[in-house]
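The primary structure of each chain is shown beneath.
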Amino acid sequence: MRRLSGEICSQSARTRFMGELLPLEGWLNVELHCHLDTASPSDQHPDLTQVLLSVPPPEPSGQIDPRVVALTDYISRVMEMGAGIEEVERANPGQAAVYRHLAEALVPWLVAAPKRELKEAWDRGYEAARRRPGGKQK
């Protein structure tokens, strides 16, 4: 079961949560087909309700991510001394499945890598500035 957190509302309404009455204009209506597990007062705002929903897993789209296909072929060519994934599939289907599985695991990691690096670079810069004479000390 996947837990979803946060309230569903427009961005302008979110900025007015603290201590003011919530406006009704600008709110979005969302229709969900799910199982309602619990409903309780929101711990973020007294005028809202916090709900826990169970939703079914997404249906497979039937489409293969082109990045996975390209990475699978690249892994195959590197590991099999130039043989593409189609050639490996004909000769050794089990090995081709291993390369596909590896590519499927690596693509999300590779997509997230620049975001992680940016955060780590920010953290390094913040720590360096904090250590500098005159910087904030914890």
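Everything here concerns the structure above.
Given the structure is predicted, the values throughout are model-derived calculations rather than measurements.

Draft legend 1. Examining the pattern of salt bridges more closely. Evaluation of the coordinates by the stated rule reveals 7 salt bridges. With its nearest N and O atoms 2.8 Å apart, the salt bridge here joins Glu89 to Arg100. Residue Glu89 is located in helix α3 (residues 85–91), and its partner Arg100 is located in helix α4 (residues 93–131); the two are separated by 11 residues in the primary sequence. The residue Glu117 makes a salt bridge to Arg124 at a minimum N-O spacing of 2.9 Å. Taking the relative accessible area as the measure of exposure, Glu117 reaches 40% and is therefore partly exposed. Judged by relative accessible area, which is 48%, Arg124 ranks as partly exposed.

Draft legend 2. Molecular detail of the nonpolar core. Core analysis: the biggest nonpolar cluster contains 10 residues, these being Val68, Leu71, Ile75, Ala83, Ile85, Val88, Ala96, Tyr99, Ala103 and Val107. Contributions of two or more residues to this core are made by α2 (66–79), α3 and α4. In contact with Val68, other than residues within four places in its own chain, are Ala103, Glu104 and Val107.

Draft legend 3. Broad picture of the side chain of Ser76. Within the secondary structure, Ser76 is located in helix α2. Judged by relative accessible area, which is 0%, Ser76 ranks as buried. With residues near it in sequence (within four places) discarded, Ser76 still touches Ala83, Gly84, Ile85, Val88 and Tyr99.

Draft legend 4. Focus on a nonpolar patch on the surface. A cluster of nonpolar side chains, contributed by Tyr74, Val78 and Met79, occupies part of the molecular surface with about 350 Å² of accessible area. Mapping Met79 onto the fold places it in helix α2. Taking the relative accessible area as the measure of exposure, Met79 reaches 53% and is therefore exposed.

Draft legend 5. Structural detail: unusual backbone geometry. Even without a glycine there, the phi angle at Met81 is positive, about 50°. Relative to the helices and strands, Met81 is located in the loop between α2 and α3. Among the residues examined, Met81 registers a relative accessible area of 82% and is labelled exposed.

Draft legend 6. Focus on α4. A rise of 1.5 Å per residue sets the reference length of α4, with its 39 residues, at 57 Å; its end C-alpha atoms lie 55 Å apart and thus fit the reference within 8%. Where α4 bends most, at Ala113, the angle is about 35°, and the proline Pro114 comes one to four residues later. Within α4, the full set of buried residues consists of Ala96, Tyr99, Ala103, Val107 and Arg130. Where α4 is buried, its residues touch α2 and α3.

The rules we used
Residue numbers restart at each chain and count upward from 1, following the sequence in its written direction. Reporting of local features is limited, given that this is a predicted model, to residues whose pLDDT is at least 70; pairs of side-chain atoms are given and counted only at 80 or more, and all residues count toward the totals for whole chains, interfaces and linings. Calculation of side-chain values draws on the structure's entire complement of heavy atoms; hydrogens and water are dropped beforehand. Whenever a carboxyl oxygen of Asp or Glu lies within 4 Å of a side-chain nitrogen of Lys or Arg, that contact is scored as a salt bridge. A helix here means a DSSP run of H or I that spans at least four residues, while a strand means a run of E at least two residues long, and both kinds are numbered starting from the N terminus. Remark: exposure states derive from per-residue accessible area (1.4 Å probe, protein chains only) relative to the maximum for the residue type, with buried under 20%, exposed over 50%, and partly exposed in between. As used in this record, nonpolar core signifies buried Ala, Val, Leu, Ile, Met, Phe, Trp, Tyr and Cys residues forming a set joined through side-chain atoms within 4.5 Å. The contact definition used throughout considers only heavy atoms, calling two residues in contact when any of these lie within 4.5 Å. Like charges within 9 Å and nonpolar side chains (Val, Leu, Ile, Met, Phe, Trp, Tyr) within 5 Å are joined into patches, using only residues over 30% in relative accessible area that form no salt bridge. Only the protein chains shown count as cover for residues, and the accessible areas themselves come from Shrake-Rupley with a 1.4 Å probe. One fewer than the residue count of a helix, multiplied by 1.5 Å, yields its expected span. Throughout, bend refers to the angle between the axes fitted to the seven residues that end at a position and the seven residues that start at it.

Keep in mind that these numbers describe shape and distance, not what the molecule does.
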